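The primary structure of each chain is shown beneath.
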Amino acid sequence: MEPGSAPQPTRNLLILHTPHFQDRTDWEAVKAKIEARAPDIEVRIDDNLQPSPETSDWQTTRPSLVFSPFALVGYRPRGGAVFAGKHMGKGAEWLHLQQSGLPVPPTLRLVPGLALDRDVWGDYVIVKPGLGTLGEGVRLLRTEDLGRRFAELTEDGRLRIFVQRFIDHVDDDGHPCAWRVLTMFGEPLTQVEHRWTMPRRPLAEIAADPAGRIASNAVDVKRKSRLVKVPEVLALARRVAAAFPQIPCLGQDIIRQTGTGTLWILETEPGGYTWHLSSPHSRAAGFDPEYVSARYAQFDAIEVAAETLIAKTRTAAV
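Presented here is a report on the structure given in the accompanying data block. (Residues numbered from 1 in each chain as written. Predicted model: local features only at pLDDT ≥ 70, side-chain atom pairs only at ≥ 80, totals over all residues. Heavy atoms only, no water.)

### Remarks on the overall build of the chain
For the chain, the helix and strand inventory stands at ten helices and 13 strands. Rg of the C-alpha trace for the chain: 22 Å, near the compact-globule value of 20 Å for 318 residues, within the 12% margin. Counting only C-alpha atoms and orienting by the principal axes, one finds that the chain spans roughly 75 × 40 × 35 Å. For the chain, the proportion of its 318 residues judged to be buried stands at 49%. Taking the contacts inside the chain whose residues are at least 6 apart along the sequence as the reference set, 68% of them involve residues at least 24 apart. Entry remark: accessible area of the chain is about 15000 Å², with carbon and sulfur atoms responsible for 53%. Each charge class in the chain can be summarised by its mean position, and for the 38 positive and 39 negative side chains these summaries are 2 Å apart. (Helix = DSSP H or I, 4+ residues; strand = E, 2+ residues; numbered from the N terminus. Rg over C-alpha atoms; globule rule 2.2 N^0.38 Å. Buried < 20%, exposed > 50% of the residue type's maximum accessible area, 1.4 Å probe, protein only. Contact = heavy atoms within 4.5 Å. Areas by Shrake-Rupley, 256 points an atom, 1.4 Å probe, with all protein chains shown as cover. Lys, Arg positive; Asp, Glu negative; His and termini not counted. Charge placed at Lys NZ, Arg CZ, Asp CG, Glu CD.)

If you want it as structure tokens, here you go:
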């Protein structure tokens, strides 16, 4: 290298932006930080839905890493290390959590005539569709009622429905409370506490209601959200992320069981609808600008994203 000449890149990093799920300015800020401190890495940003034809040719000119919080849509890497969201299906996701030794509530698929041991499953269970968001289709049922409601719950077998042990998670005033932790390569970017503004109805009353609405993230539930840092919750989130090494970003829903204090992981959103720093969901929620800024600042999300991508590209690019 000539005296005074700039070092040349030895690795390529491709960041795939998914329109409508993330704001591209987040990745532009990450790219600028990486370029300022890692001259060995050339960074490009492309559209996950409609990538440029030239990007694929460039990506494999050096050892490379492809990063996409969302599952790959339009881009097909020809090589390199790929870390991207993955649509797993809830059954496969929960099985993977269980097999990884993580505290996920017992879960199985609803089949005709299913009978569960109340000593193991308790008096109430949750039923939820294999595909769904924002609490859609999530209901509370009496465990003993499962078998007779199969046709109703599955629309005569047309829907894939799962049964999960109900874990109560209300505070001393009866308000359900849950945490959403966004992690990137195991590092937390945000931790948000969602707490109902009103006490939950008695479980027997909810189970008797044909709708049986119980989900903490249902669209018609009024909640108060605040940023928190709960060390034991963050420690569990790091363990969960370690069980999904190829999926870079997870939106983890974690609860604390009433009475025992045990932490449980409910969801991880491996497909990638997780970047609520700048997702449409976060904008639709009507958060004020100060709260939005505070989310970025909580763990210095853009800084953490840049540093983790530098480290991962240097160690994993092929």
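### Re the sheet that holds strand 2 (residues 41–47)
Pairing is parallel across the open sheet formed by four strands, whose spatial order is 2-1-3-4. Both outer strands of the open sheet, strand 2 and strand 4 (81–85), are each paired with one neighbouring strand and no more. The average undirected angle you get between the axes of adjacent strands in this sheet is 15°. Bridging between strand 3 (residues 64–71) and strand 4 involves five bridges; their strand directions are parallel. Bridge pairing in strand 4 links Val66 to Val82. Here helix 1 (residues 24–37) sits on the sheet and contacts strand 1 (11–17), strand 2 and strand 3; the angle it forms with strand 2, its principal contact strand, is near 170°. Running at roughly 130° to strand 1, helix 10 (residues 301–316) makes contact with strand 1, strand 2, strand 3 and strand 4 of the sheet. (Pairing = 2+ DSSP bridges. Axes fitted to C-alpha atoms, helices over the stretch in contact; angles between N-to-C directions.)

### Concerning the nonpolar core
In terms of nonpolar packing, the biggest core is built from 28 residues, with Leu13, Ile15, Val30, Ile34 and Phe67 touching the most fellow members. For this core, the secondary structure elements donating two or more residues are strand 1, helix 1, strand 2, strand 3, strand 4, strand 9 (177–184) and helix 10. Ranked by residue count, the leading element in this core is helix 10, at eight residues. Discounting chain neighbours no more than four positions away, the residues touching Ile15 are Trp27, Val30, Val43, Arg44, Ile45, Asp46, Phe67 and Leu309. In this structure, Val228, Val230, Ile254 and Phe299 belong to the second largest nonpolar core, which totals 23 residues. (Core = buried A, V, L, I, M, F, W, Y, C linked by side-chain atoms within 4.5 Å.)

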